[in-house]
Amino acid sequence: MIIKTSELETVCGITSTLPDNQYPEIAFAGKSNVGKSSLINALLNRKNLARTSSQPGKTQTINFYNINKEFYFVDLPGYGYAAVSQEIKAKWGKMIERYLKKSEKLVMVFLLIDIRHDPSENDKLMYDWILSNGYEPVIIATKLDKIKRSEYDKKLKAIRTKLGGEAIRIIPFSAVTKKGRDEILDLVESMI
């Protein structure tokens, strides 16, 4: 897949109405600081379209990126350990839930998990919740460049074990080396 154009088209906050998009949507979910913005930038060959930060919890809205005027990447707010109040975290959770339940154009959900750490309880809850809403999430194991090659298989097995199955599709990814980029884009292309 060749990305010719990409632009941030719509930003939805906690009280916003979700857009009535005409193109398929591919959503990216994951806890704060897992690398969603870095992944989106790497997929689009852009440096700063999606805002990145060393501070967890920067994405506090649902961001719709129009790609090639053919489909959307949807960047969901991070969950987990962002330094915000429980009340705000609960509102983000409701916003994500509303989007996943109401979007009529959502065709695929990627769940990002930092390969360096076993999936958290929040990761497991999100995985199960995506499944229960009729989607088959694909795991993107981010930050691949931060572990040794000899650790890959052990870390991937830990993700499968925690989430509950050998059949889980996992794509290891590095925003630094771009490993996994083509596989992710091929999968996106097959879904749209």
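Refer to the structure above for everything that follows.
A brief structural summary. Keep in mind that what you see is a predicted model, and the values were worked out from it rather than measured.

1. What about the overall build of the protein?
Thinking step 1. Assigned secondary structure in the protein consists of 5 helices and 7 strands.
Thinking step 2. Counting across all 192 residues of the protein, residues that qualify as buried make up 48%.
Thinking step 3. Counting only contacts in the protein whose residues sit at least 6 apart along the sequence, the fraction spanning at least 24 positions is 72%.

2. Some words on the packing of aromatic side chains
Thinking step 1. Using the criterion set out here, one finds 6 aromatic pairs in the structure.
Thinking step 2. On the basis of an interplanar angle of 40° and a centroid distance of 6.1 Å, the ring pair of Tyr23 and Tyr72 is categorised as tilted. Taken together, the residues Tyr23 in the loop between strand 1 (6-12) and strand 2 (25-30) and Tyr72 in strand 4 (residues 71-75) connect sequence positions 49 residues apart.
Thinking step 3. A residue is classified by how much of its surface remains accessible, and Tyr23, at 31% relative accessible area, is partly exposed.
Thinking step 4. Grouping aromatic residues by their ring pairs yields a cluster made of Tyr23, Phe64, Tyr72 and Tyr99.

3. Re the sheet that holds strand 5 (residues 106-114)
Thinking step 1. The strand order 1-3-4-2-5-6-7 describes an open sheet built from 7 strands, whose pairing is mixed. What marks the edges here is a single partner per strand, and that holds for strand 1 and strand 7 (170-172). Neighbour to neighbour, the strand axes of the sheet diverge by 25° on average, direction disregarded.
Thinking step 2. Across the sheet, helix 3 (residues 121-132) touches strand 5 and strand 6 (138-142), and the angle it forms with strand 5 is around 165°.

4. Some thoughts on helix 1 (residues 36-44)
Thinking step 1. Across the 9 residues of helix 1, 8 count as buried, placing the element largely inside the fold.
Thinking step 2. Residues Lys36, Ser37, Leu39, Ile40, Asn41, Ala42, Leu43 and Leu44 constitute the buried set of helix 1.

5. With respect to the pattern of salt bridges
For side chains of opposite charge, pairing can occur when their charged atoms come near one another.
Thinking step 1. Applying the stated criterion across every chain, the model contains 7 salt bridges.
Thinking step 2. Measuring nitrogen to oxygen at the nearest pair gives 3.4 Å for the salt bridge that ties Glu7 to Lys69. Of this pair, Glu7 sits in strand 1 while Lys69 sits in the loop between strand 3 (62-67) and strand 4, and the two are 62 residues apart along the sequence.
Thinking step 3. In this structure Glu7 comes out as partly exposed when scored by relative accessible area, which is 38%.
Thinking step 4. The class of Lys69 is exposed, set by a relative accessible area of 51%.
Thinking step 5. Arg181 serves as the salt-bridge partner of Asp182, at 3.8 Å between the closest nitrogen and oxygen.
Thinking step 6. By relative accessible area, Asp182 is classed as exposed at 53%.

6. Some remarks on the packing of helix 1 against helix 5 (residues 181-191)
Thinking step 1. In the contact formed by helix 1 and helix 5, the axes pass within 10 Å of each other and the chain directions differ by 80°. Compared by their axis directions, helix 1 and helix 5 come out roughly perpendicular. Contacts from Leu39, Ala42 and Leu43 in helix 1 reach Arg181, Ile184 and Leu185 in helix 5.
Thinking step 2. Partitioned by chemical class, the residues of the contact of helix 1 with helix 5 number 5 nonpolar, no polar and 1 charged.

7. What about the pairing of strand 3?
Thinking step 1. The buried fraction of strand 3 is high, at 6 of 6 residues.
Thinking step 2. Alternating residues of strand 3 divide into Ile62, Phe64 and Asn66 and Asn63, Tyr65 and Ile67, and every residue in both groups is buried.
Thinking step 3. For strand 3 and strand 4, the ladder comprises 5 bridges, and the chain directions are antiparallel. By the bridge assignment for strand 4, Phe64 is matched with Val74.
Thinking step 4. Taking the residues that link successive antiparallel strands as the turn, the strand 3-strand 4 hairpin has 3 residues, and the phi of Asn68 there is positive, at about 55°.

8. Some words on the side chain of Asn21
Thinking step 1. Counting through the fold element by element, Asn21 comes out in the loop between strand 1 and strand 2.
Thinking step 2. Engagement of the side chain of Asn21 in a polar contact is seen with the side chain of Tyr72, the distance being 3.4 Å.
Thinking step 3. Dropping the residues within four chain positions of it, Asn21 is found in contact with Glu9, Phe64, Tyr72 and Lys105.

Rules used in this analysis
- Residues numbered from 1 in each chain as written.
- Predicted model: local features only at pLDDT ≥ 70, side-chain atom pairs only at ≥ 80, totals over all residues.
- Heavy atoms only, no water.
- Helix = DSSP H or I, 4+ residues; strand = E, 2+ residues; numbered from the N terminus.
- Buried < 20%, exposed > 50% of the residue type's maximum accessible area, 1.4 Å probe, protein only.
- Contact = heavy atoms within 4.5 Å.
- Phe/Tyr/Trp six-rings, centres within 6.5 Å; stacked < 30°, edge-to-face > 60°.
- Pairing = 2+ DSSP bridges.
- Axes fitted to C-alpha atoms, helices over the stretch in contact; angles between N-to-C directions.
- Salt bridge = Lys/Arg side-chain N within 4 Å of Asp/Glu carboxyl O.
- Parallel < 35°, antiparallel > 145°, perpendicular 65-115°, else oblique.
- Nonpolar A, V, L, I, M, F, W, Y, C, P; charged D, E, K, R; others polar.
- Polar contact = N/O pair within 3.5 Å; in protein donor to acceptor, adjacent residues only side chain to side chain.

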